[in-house]
Amino acid sequence: VQDDPVPFRCQTSAGVQDDPVPLEYLRDPQYGSYDINLEVDLITPEGSTTTIAKSNFRHMYWNVKQQLVHHSVTGCNMRPGDLLGSGTISGTSTGSYGSMLELTW
């Protein structure tokens, strides 16, 4: 297990945040993400597996720091064990779309 996420830091696929431009409190001078491969598989009751989508965490527009700040700005505390949901993480190619709706286009 790797404890230090720094080796996995990378530029986001967005490059810069300009659509939409984050509010002042969400601006991150070190805007970036992590290179984490993601894969969604469907496993049938019979055990057959089909890969539905492959993407990468670098496609997140809002990074983890921004999500944490947005969550807590109104005073909502985070505690050990709390989870943050990323939502859909879609890439740029057909096989990397992150939602069932996108996959049907």
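Above this text is the structure in question.
Source: prediction; values computed, not measured.

### Here's the deal with the side chain of Gln17
And step 1. Structurally, the position occupied by Gln17 is in the loop between strand E1 (9–10) and strand E2 (33–34).
And step 2. Classification of Gln17 by relative accessible area gives buried; the value is 14%.
And step 3. Polar contacts involving the side chain of Gln17 include one to the main-chain carbonyl oxygen of Tyr61, which spans 2.8 Å.
And step 4. A polar atom in the side chain of Gln17 sits 2.6 Å from the side chain of Gln66.
And step 5. In this structure Gln17 touches Pro22, Tyr31, Tyr61, Trp62 and Gln66, once residues within four positions along its chain are discounted.

### Concerning the pattern of salt bridges
And step 1. This model, assessed by the stated rule, comprises three salt bridges.
And step 2. Here Arg27 and Glu24 are joined by a salt bridge, their closest N and O atoms 2.6 Å apart.
And step 3. Under the relative-accessibility criterion, Glu24 is labelled exposed at 58%.
And step 4. The salt bridge partner of Lys54 is Glu39, with a shortest N-O separation of 4.0 Å.

Criteria and thresholds
Residues numbered from 1 in each chain as written. Predicted model: local features only at pLDDT ≥ 70, side-chain atom pairs only at ≥ 80, totals over all residues. Heavy atoms only, no water. Helix = DSSP H or I, 4+ residues; strand = E, 2+ residues; numbered from the N terminus. Buried < 20%, exposed > 50% of the residue type's maximum accessible area, 1.4 Å probe, protein only. Polar contact = N/O pair within 3.5 Å; in protein donor to acceptor, adjacent residues only side chain to side chain. Contact = heavy atoms within 4.5 Å. Salt bridge = Lys/Arg side-chain N within 4 Å of Asp/Glu carboxyl O.

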